[in-house]
Amino acid sequence: MSHRNNRLLQYVLGVMALVMLCVVALVTATLVVQLLPGQRFHNGLPRLLLQITIAGTMAIGLGAVICALAERSLRAYERQFLSRNSDSERRMRQEPAWLAPFVSGYARSMAESSKQVEELRAELLEHEVRERICRVERDELREVIQAMRDAVIVTDAFNELVLANDSAVRLFGLDPEESLNCPIEELIDDTELVRQIQAARESSNSAARRRIEHEIEGGDKSGVYEMSLGCLCDSKRQAAGVITILHDVTREREISQMKSNFVAQASHELRTPLSSIKAYVELLHDGEACDEQSRQEYCAVIQNETDRLDCLIDNMLNISKIEAGLIQADWQEIDLSEITREVVSFLTNQAERKHITLSSKDGQLCYRATADRNLIRQAMTNLVSNAIKYTPEGGRVTVEVDLADCNRSVMVAVNDTGLGIPPQAIPRLFEKFYRIESYKRVAKGTGLGLNLVKQIVEVVHKGEVGVESEVGMGSRFWFTVPTERNET
Ligand code: ADP
């Protein structure tokens with residue numbers, strides 16, 4: 001039944017109830033008047049007045065009782081709706097039939113409202129859950145950004161700082177609390193960086209990422225950084241901020257510079273002995289060596305230069321093999337004093353040319369260890385050769401062998417009375433290609449010798465390597481080799 005029909009039925013029933021009420025009241029009043037004793041109320045005006053009074057009183061009284069009953073039922077009915085009980089609709093249908101025509105419209109609109117309320121409540125709950133998820137995701141994202149090694153800066157549409165992770169705080173010396181919501185140009189003293197952030201914001205293009213290599217100067221963190229800037233846009237594609245990520249590429253640039261230097265240095269080192277060999281071979285070929293002694297001299301030069309070439313190529317190959325884990329060590333029990341004596345005798349000529357006293361200090365004791373003989377010999381040769389190279393004429397180089405680490409290792413130490421090493425150079429001394437700038441004039445080299453020593457001792461033999469030195473007083477390079485081989 002439609003809503004309008006319902007209303008009409010309600011009015012008709014209401015009017016009928018009112019008429020019936022009046023009729024009942026009138027009949028009752030007439031009967032009451034008839035039953036009254038005496039002649040005064042049987043005729044005329046007094047009788048009519050009495051009838052109207054009694055009928056009126058009864059109609060009002062009955063009407064009031066019916067209204068009170070109807071209101072009570074309606075209130076109870078309404079309470080069921082508002083009780084938010086999912087069964088309310090079902091229970092409403094069980095209400096007295098006489099009430100249904102009066103309340104069906106009301107019931108329907110209440111049911112609709114109730115349904116809408118339920119839907120809104122479900123929507124609200126969904127929003128609350130979504131908001132909670134967003135909050136958790138945002139916190140996680142913040143933690144990820146905080147933990148990043150790259151410096152991250154987020155600025156808003158007004159160029160004010162919204163977020164700076166720990167790396168950014170350290171890089172720019174920011175105060176994590178005070179810096180927030182401050183204009184970025186007041187916080188960062190780097191015109192180029194500020195200009196790039198501004199430009200990224202003005203581009204209003206979230207798809208376009210700018211990548212610029214930028215050098216930051218001053219402070220501990222100065223170096224070369226790869227700067228990546230992205231504009232953050234809102235739903236209306238308006239610039240809402242800029243995210244700037246600074247990745248430290250100082251080391252990469254240094255390594256690439258080192259590689260270029262190495263290629264140049266290695267080419268130079270290879271070319272020098274090769275040119276020399278070529279020249280002396282030509283002399284021999286052209287018959288320029290007129291006597292046996294000259295021929296012997298030329299051959300000796302060729303031999304030396306060939307050895308130098310051999311050594312350089314060996315160093316390069318050995319380092320790359322050890323790094324790639326391809327070296328096959330020939331494990332055997334060796335006597336390190338014996339190897340020391342061999343190395344000293346091998347390099348005596350080199351030392352004598354500079355009037356350097358080269359000696360070993362092991363007595364005739366035997367210091368045994370399970371190791372690769374050739375590799376240990378190579379490491380020792382590099383250290384003694386360096387000691388001779390960087391010790392001025394008339395100096396002294398001594399090689400010691402001893403037990404160390406409660407007899408669990410054998411230690412070899414090479415002492416010289418040479419130039420010594422500046423303290424700031426010591427941490428980088430065993431790096432590949434590293435050479436002390438001011439000593440490059442003193443001797444030729446590739447900066448590979450000490451790195452090879454480190455690889456042989458630490459990677460292959462699981463020993464230790466170290467240096468103590470004082471500028472102008474000399475150096476002590478040492479390494480240890482475990483006496484027993486630990487296979488793990
Ligand atoms: P190089 O071929 O240049 O000698 P190394 O790797 O053997 O390469 O040595 C690296 C640098 O360490 C050398 O260039 C030199 O500056 C420094 N160095 C090595 N040994 C000594 C030493 N005994 N005294 C002083 N400086 C040394």
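Before reading on, note that the structure itself is shown above.
Fair warning: this is a prediction, and the values are worked out from it, not measured in the lab. (Residues numbered from 1 in each chain as written. Predicted model: local features only at pLDDT ≥ 70, side-chain atom pairs only at ≥ 80, totals over all residues.)

## Side note on the site of the ligand
Point 1. Neighbouring the ligand are 21 residues, the closest being Tyr390, Arg435, Ile436, Gly445 and Gly449.
Point 2. When grouped by side-chain class, the residues that make up the shell around the ligand number 10 nonpolar, nine polar and two charged. (Near = placed C-beta within 6 Å. Nonpolar A, V, L, I, M, F, W, Y, C, P; charged D, E, K, R; others polar.)

## Notes on the nonpolar core
Point 1. Core analysis: the biggest nonpolar cluster contains 40 residues, and Leu336, Ile376, Ala379, Val384 and Val453 have the highest contact counts within it.
Point 2. Of all the secondary structure elements, the ones that give two or more residues to this core are helix 10 (336-353), strand 8 (368-372), helix 11 (373-389), strand 9 (396-404), strand 10 (409-416), helix 12 (449-460) and strand 12 (474-482).
Point 3. Among the elements that make up this core, the one with the highest residue count is helix 11 (eight residues).
Point 4. In this structure Val384 touches Val343, Leu347, Val397, Val399 and Val414, once residues within four positions along its chain are discounted.
Point 5. Listed in part, the 22 residues of the second largest apolar core include Ile184, Ile188, Met227 and Ile245. (Core = buried A, V, L, I, M, F, W, Y, C linked by C-beta atoms within 7 Å. Buried ≥ 20, exposed ≤ 12 C-beta atoms within 10 Å, placed from the backbone. Helix = DSSP H or I, 4+ residues; strand = E, 2+ residues; numbered from the N terminus. Contact = placed C-beta atoms within 7 Å.)

## Notes on the pairing of strand 5 (residues 239-248)
Point 1. Pairing of strand 1 (residues 151-156) with strand 5 involves six bridges; the strand directions are antiparallel. Across the sheet, the residue bridging to Asp156 is Gly241, located in strand 5.
Point 2. Direction of pairing for strand 4 (residues 223-233) relative to strand 5: antiparallel, over a ladder of nine bridges. The partner of Cys233 across the bridge, within strand 5, is Ala239.
Point 3. Linking two consecutive strands that pair antiparallel, namely strand 4 and strand 5, is a turn of five residues; a positive phi of about 60° is found at Arg237 within it. (Pairing = 2+ DSSP bridges.)

## Let's talk about the sheet that holds strand 11 (residues 464-470)
Point 1. The five strands lie next to each other as 7-9-10-12-11, forming an open sheet whose pairing is mixed. Taken across any chain shown, the strands that pair with only one partner, and hence form the sheet edges, are strand 7 (357-360) and strand 11. Taking the axes of each pair of neighbouring strands and ignoring which way they run, one obtains an average angle of 15° across the sheet.
Point 2. With respect to the sheet, helix 10 is in contact with strand 7, strand 9 and strand 10, its orientation differing from that of strand 7 by roughly 170°. (Axes fitted to C-alpha atoms, helices over the stretch in contact; angles between N-to-C directions.)

## Concerning helix 12
Point 1. The end-to-end C-alpha distance of helix 12 is 16 Å, a good match for the 16 Å that 12 residues give at a rise of 1.5 Å each.
Point 2. Burial analysis of helix 12 places 10 of its 12 residues in the buried class, the great majority of the element.
Point 3. Lys462 sits one or two residues past helix 12 and shows a positive phi near 55°. (Expected span 1.5 Å × (residues − 1).)

## Examining the packing of helix 10 against helix 11
In a pair of packed helices, the angle between the axes and the distance between the axes together describe the arrangement.
Point 1. Remark: helix 10 packs on helix 11, axes separated minimally by 9 Å, with the N-to-C direction vectors making an angle of 40°. Here helix 11 runs oblique to helix 10, going by the angle between their axes. Of the two possible hands of crossing, helix 10 and helix 11 adopt the one that is right-handed. Contacts between helix 10 and helix 11 involve Leu336, Ile339, Thr340, Glu342, Val343, Phe346, Leu347, Gln350 and Ala351 from the first element and Arg373, Ile376, Arg377, Met380, Thr381, Val384, Ser385 and Ile388 from the second.
Point 2. Residues of the contact of helix 10 with helix 11, tallied by class, amount to 10 nonpolar, four polar and three charged. (Parallel < 35°, antiparallel > 145°, perpendicular 65-115°, else oblique. Left-handed = near helix turned anticlockwise from the far one by under 90°.)

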